[in-house]
Amino acid sequence: MSSPESEPSARPAENLPVVAPQLRALRRRASLTLEAAARAAGLSPAHLSRLETGQRQPSLPMLLALARVYGTTVSELLGETVADRDAIVRAADMEPTRAGGWTYWQAGASGRGMQALRVRVPHGSQGDIVRVHPGEEWLYVLKGRLRLRLGDTAYLLASGDSAHFDSLTPHRIAAEGPDGLELLFVHTLLQSPTAALCLGPLTGEMP
């Protein structure tokens, strides 16, 4: 499969606005180094650097690849103004989605720089999955006890406890008790493909 950089049609796209400042800002918002972002998008670091400094204009395949990596849309990469999103999410609108044995309720608007979820974690589900991905995570235990492993250190969190960490740190999340647990979960990159590394195998689409 050809990469965006080697795509035969990967010539500078005509009539595109200068996107260099936006590309750099979105990469930094995603907490990605130049090398990591380029690798994920199928580009060389030198090529991505030229895009960010305006020495080259990206092709449409490159824009699509970078939008996926940064967890955003091509419109935002181009600096286009998006319609205002609802600031309030009502409980009645939070439809459950199941993934890897966990149940999720979206607790924030989609398409933003961070994503908020309410999560139910049954005992014994996904506890052996080690997650490593770009971004930051914040967890708050609503009910039950959470067994959290960060690197080589294990923590036991009770109701009211929270954790905030760089998700490039290898981590595991599991319910300690037989009744499972419920938590609030905020992540900076849940719209991107790296979400699968965090959520586990999906059994349905996120709302």
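Residues numbered from 1 in each chain as written. Predicted model: local features only at pLDDT ≥ 70, side-chain atom pairs only at ≥ 80, totals over all residues. Heavy atoms only, no water.

**Some points on unusual backbone geometry**
Across residues other than glycine, the phi torsion is negative in most instances, and most of the peptide bonds are trans.
Then, in step 1: At Ser31, a residue that is not glycine, the phi angle is positive and equals roughly 60°.
Then, in step 2: Within the element layout of this structure, Ser31 appears in the loop between α1 (20-29) and α2 (34-41).
Then, in step 3: In this structure Ser31 comes out as partly exposed when scored by relative accessible area, which is 44%.
Then, in step 4: Not every positive phi belongs to a glycine, and Gln126 is a case in point at roughly 60°.
Then, in step 5: For Gln126, the position within the fold is in the loop between β3 (115-121) and β4 (136-143). (Helix = DSSP H or I, 4+ residues; strand = E, 2+ residues; numbered from the N terminus. Buried < 20%, exposed > 50% of the residue type's maximum accessible area, 1.4 Å probe, protein only.)

**Points about the pairing of β3**
Then, in step 1: Residues Gln115, Leu117, Val119 and Val121 point to one face of β3 and are all buried, whereas Ala116, Arg118 and Arg120, pointing to the other face, are not buried.
Then, in step 2: Where strand β2 (residues 102-106) meets β3, four bridges bridge the pair, whose relative direction is antiparallel. By the bridge assignment, Trp105 is partnered in β3 with Arg118.
Then, in step 3: Here seven bridges tie β3 to strand β9 (residues 181-187), and the two strands are oriented antiparallel to one another. Across the sheet, residue Val119 finds its bridge partner in β9, namely Leu183. (Pairing = 2+ DSSP bridges.)

**Structural notes on the environment of Met94**
Then, in step 1: Mapped onto the secondary structure, Met94 falls in the loop between α5 (74-77) and β1 (96-99).
Then, in step 2: Separated by ten residues in the primary sequence, Met94 and Tyr104 place their C-alpha atoms 8.9 Å from one another.

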